[in-house]
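Examining the three-dimensional arrangement
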Amino acid sequence: MPANAYLRSKFRHSFMEYNFRAIEDKWRRRWEEDKTFKAADTSDKPKFYVLDMFPYPSGAGLHVGHPLGYIASDIISRYKRLQGFNVLHPMGFDAFGLPAEQYAISTGKHPAVTTKENSERYISQLKNIGFSFDWDRMISTSDPEYYRWTQWIFLKLFGSWYDTELQQARPIDELEVLFENDGSEGISAFHDEHETFSGEDWQQMHETQRSEMLMKYRLAYQSHAYVNWCEALGTVLANDEVKDGLSERGGHPVERRRMRQWFLRITAYAERLLNDLNELDWTDSLKEMQRNWIGKSTGASVHFALENGETLEVFTTRPDTIFGVTFMVLAPESEWVQKLTTDAQKEEVEKYVNWAKNRSERERQTEVKTVTGAFTGSYTIHPFTGNKIPIWTGDYVLAGYGTGAVMAVPAHDARDFRFAKHFGLEIPRVIAGADGDSSPLTDEAYEAKDGKVIHSDFLDGLDVKDAITRAVEEIEARGLGARRENFRLRDANFSRQRYWGEPFPIYYRNGVPTAVPEESLPLQLPEMDDFKPTGRPESPLAKLTDWTYDGYPLETDTMPGFAGSSWYFLRYMDPHNSNRFADNEALKYWKDVDLYVGGTEHAVGHLLYSRFWHKVLFDYGLVPTNEPFRKLVNQGMIQGRSNFVYRINGTDTFVSHGLKDQHETTALHVDVNIVSNDELDTEAFKAWRPEYAQAEFILEDGKYICGVEIEKMSKSKHNVVNPDKVVEDFGADTLRLYEMFLGPLEQSKPWNTNGIEGTHRFLRKLWNLYHNGDSFQVTEEEATPAERKTLHTLIKKIGEDVERFSFNTCVSSFMICVNELGEQKCSKREILEPLAVLLSPFAPHLAEEIWQKLGHENSISYAALPAFNPAFLVESSFNYPVSFNGKTRYQAELPADMSAAEVEAAILADERTERWKEGKEVRKVIVVPKRIVNIVLG
RNA sequence: GCCCGGGUGGCGGAAUUGGUAGACGCAUCGGACUCAAAAUCCGACGGUAGCGAUACUGUGCGGGUUCGAGUCCCGCCCCGGGUACCA
């Protein structure tokens, strides 16, 4: 291995080697002892809050991909300190939740134990890389002193309703006063459907009835609803935890089940969550993901009269096609299905509904194109034509969106078209194509919002866009409905039937869900030896007989993983406060996160929930900003780079990659740690696994070359590279630099240890600039113009590139600078001292060591960033590329301050121009000063 | 299907507002030092032709705008991510 080579070389050379192990050890210890990166609670300096998405401490420890974002944010943190900011850069652990619990179960240990062990391992790995975290602010979401405030915020949500007129959360007792006085009518509140009641009605209600009514308004509420039940995990899951009908964690099947659950009324904030995205400095793609998840669509609600006098409400985005409605479809789960099914159709409909309800989420999604449904036997009356419209049920209509019923326009909606075609229903065309085509639609629906309306009474001749407006006007004028907005976003399922989460501070007093008083928080998670899922849809806490408060039973569900992570960034501002989730002064000083770095996997989960919680706190004046994360940068994923060996089938012989096609072979993953530049260390391979001890090899050019594939980094693929190993072999500074050098931060890229020696070599070259033979040597001589130019080119470049998070080009610039200074044999303080400061955010250990040798007593972390002086970059001449018809032919060195006309004259007078003209005429000369000359020949 | 990214040497990537494509690094090859190896240093390194100066060609494909296109416009192909009966 290269590390051994370096070690060997160290003993051979007599001069001062770059001994990264000693240097890094020394500074790790110093920073810890001196608390170098402790953020001041109050300061005259401007604040800067740099946050990483905190990890859940998994049993596998950190691999080399995890620190990528942390290195980037650490560079920014250190850079901002150099710029004079008071920087808050904390780290902690997302310790509650499913992953931690699954890991505990698989190892047979208690999650409290595994979480502690894993966190400690993470801390040591993180400290090894030299991050400038303020470790005194470390938090863990499973710490009772932390989740006490998670519970407290939950109670805030439980004790709130949303005023749609004031557009903010308000205390629930204010709603009770309104109910008491005037009943439910005229209150502008976001709530579930219910029948209106008067003030007198309210006064006569029982406690239970009142509680149930308030549940329809609370921001944290209980409800019976269809939820994602995952049998294998023994819990329900939120929508963002389910992918393709399988649990995101573990890939287990998920079924739809009606259960009583806690929910968060995030839908009340849909509009604000959507609008406020505009003011955030996030990537467009991330904002777009949130917009799509929120899914706002504009249209109309329309009431269709039923024969029994009731009305059926539907939501449509295409009211312009209302004359094309030939049938209605209800979701199988809709309450209307039962009510509207006639005796004659009863058997068929019941059979269908039962079948549809028992389909798994996965079946529903994989068989999207299969058309199923049943006729209820009832009809509705078309509000404009008076026609009888048959009512069907079909599972392509979702119960949870809109009203769970649609007006079907088969000619202009692909799903309705398929349904009509399958059941032989009419498909009348009401929108002509853009080319005026009004022929019947036989193959597919015409969904484009383009063309003119036909066969539609008062809408005839209008363009689609105008017809939508006109149709809504008419619907409103006739009292048939109204313009309406609809959101795809659903309320967040907040219950988990698991052990390892925050207990709900809720107890059931005579069956009425009641808040545990604030003074009794934290409501501690009870110690349990048997914390495994029960296998029934209830939490392990239900096994306890003494899980009570004040003699009443406590809620047995626990909160989901995203509870603790929805506000942790606030706790860092004041992590040890025992009176409040964070002190008001601290909140006012730190305000919000200036830079948040993390992966896109949290685009719609964590980032949406956090924004929601933050807005509720903002409504109560508990936080000073309405958004928590001003700027957000997504780092790409580091993929694994797997190596393969090829075993000749039925033998113990392995053939090198280039020769494998001459044999029948099986490709096997081999540990990337015993492969260097794709060459296998065959002795290490024999020692790797007992079954390979007798292995024989067919080599090419005396080497065994491995195959390569880019895959996910995972243990089973033997492509995991541990940062500890890289730090041991090359040092933390090399690791930091190399991770940045790999490519643009936001891009996904494979980890390949091969190139790391380049960055290590760079650090040694840099180290040698400050040393001569075996002694540190930096002179006080005045720098030359060339040396100053080299330095200030770097200062300018680093300033620009850090600003745009282009750290890979920063590293290149350092390399160029060091190469040039090496050629210049520069050892002058005037140049080398600023260079050390510039480098310190990237390679902090090395920079500190040099800084100390330069005679400074304080940490380089609080030095001042060198100022850029453009005067040093002024050039007296410019080497013009001269091109003819766009092809560069020769270079001409001309004074830099020459005007365009002078340049033109000089070039035309150049003898080389004559040669390249090839006798043709000069039609035009383009001169861009200090860039290019192009001569157009005719 | 829809919405976002992206496609540049053997490899990772650079080219920030249209102005010398391939910076920087890895790998490879050649040389110096060495008994030898490692380390270090020097040099070559997109493709084709040529001893060579050099010429032609070249940023996924096809067209266009421009004095000039990796960069802008139109139409495709491929890869990655998100989302999916959302009416």
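Here is a short report on the structure shown in this document. (Residues numbered from 1 in each chain as written. Chains lettered and ligands numbered in written order. Predicted model: local features only at pLDDT ≥ 70, side-chain atom pairs only at ≥ 80, totals over all residues. Heavy atoms only, no water.)

**What about the packing of aromatic side chains?**
The final tally for this structure, using the stated rule, is 68 aromatic pairs. Note on Phe 197 and Trp 202: the rings are 5.8 Å apart at their centroids and 20 degrees apart in plane angle, and the pair reads as stacked. Judged by relative accessible area, which is 0%, Trp 202 ranks as buried. Judged by centre distance (6.4 Å) and plane angle (20 degrees), the rings of Tyr 770 and Phe 776 are stacked. We classify Tyr 770 as buried; its relative accessible area is 0%. Residue Phe 776 is classed as partly exposed on the basis of its relative accessible area of 25%. Through pairs of rings, three or more aromatic residues link up here, namely Phe 154, Phe 158, Trp 262, Phe 494, Phe 504, Phe 562, Tyr 609 and Trp 613. The ring of Trp 31 has Arg 78 sitting right over it, with the charged end atom 4.9 Å from the ring centre. Positioned above the aromatic ring of Phe 531, the side-chain terminus of Lys 532 is 5.8 Å from the ring centre. (Phe/Tyr/Trp six-rings, centres within 6.5 Å; stacked < 30°, edge-to-face > 60°. Buried < 20%, exposed > 50% of the residue type's maximum accessible area, 1.4 Å probe, protein only. Lys NZ or Arg CZ within 6 Å of the ring centre and 35° of its normal.)

**Details of the protein's contact with RNA strand B**
In the vicinity of RNA strand B lie 58 residues, with Ser 285, Thr 317, Arg 415, Leu 742 and Asn 934 positioned nearest. Here, RNA strand B places atoms within 4 Å of the protein, and 60% of those atoms are sugar or phosphate. In this structure, a sugar or linking oxygen belonging to RNA strand B sits 3.2 Å away from a main-chain N or O atom of Tyr 396. The side chain of Tyr 401 places a nitrogen or oxygen atom 2.8 Å from a phosphate oxygen of RNA strand B. In terms of residues, the surface near RNA strand B owes the most to one element, helix α26 (residues 807-823), which gives 6 residues. The residue makeup of the surface near RNA strand B, split by class, is 21 nonpolar, 17 polar and 20 charged. (Near = heavy atom within 4 Å. Polar contact = N/O pair within 3.5 Å; in protein donor to acceptor, adjacent residues only side chain to side chain. Helix = DSSP H or I, 4+ residues; strand = E, 2+ residues; numbered from the N terminus. Nonpolar A, V, L, I, M, F, W, Y, C, P; charged D, E, K, R; others polar.)

**Regarding a nonpolar patch on the surface**
The grouping of Ile 926, Val 928 and Ile 932 at the surface amounts to a nonpolar patch, some 190 Å² of accessible area in total. Residue position: Val 928 is located in strand β37 (residues 922-928). Owing to a relative accessible area of 34%, Val 928 belongs among the partly exposed residues under this scheme. (Patch = residues over 30% accessible without salt bridge, like charges linked within 9 Å, V, L, I, M, F, W, Y side chains within 5 Å. Areas by Shrake-Rupley, 256 points an atom, 1.4 Å probe, with all protein chains shown as cover. Salt bridge = Lys/Arg side-chain N within 4 Å of Asp/Glu carboxyl O.)

**Let's talk about the pattern of salt bridges**
Tallied over the entire structure, the rule returns 56 salt bridges. A salt bridge links Asp 136 to Lys 35; its shortest N-O distance comes to 3.2 Å. Here Lys 35 lies in the loop between α2 (20-34) and β1 (47-52) and Asp 136 lies in the loop between α5 (111-128) and α6 (144-158), a separation of 101 residues in the sequence. What makes Lys 35 partly exposed here is its relative accessible area of 44%. Glu 800 is the partner of Lys 796 in a salt bridge, and the nearest nitrogen-oxygen pair spans 3.3 Å. Pair noted here: Lys 796 and Glu 800 are both in helix α25 (residues 785-803), with a separation of 4 residues, about one helical turn. Judged by relative accessible area, Lys 796 falls into the partly exposed class, the value being 37%. What emerges from the salt-bridge pattern is a single network uniting Lys 47, Asp 592, Asp 594 and Arg 630.

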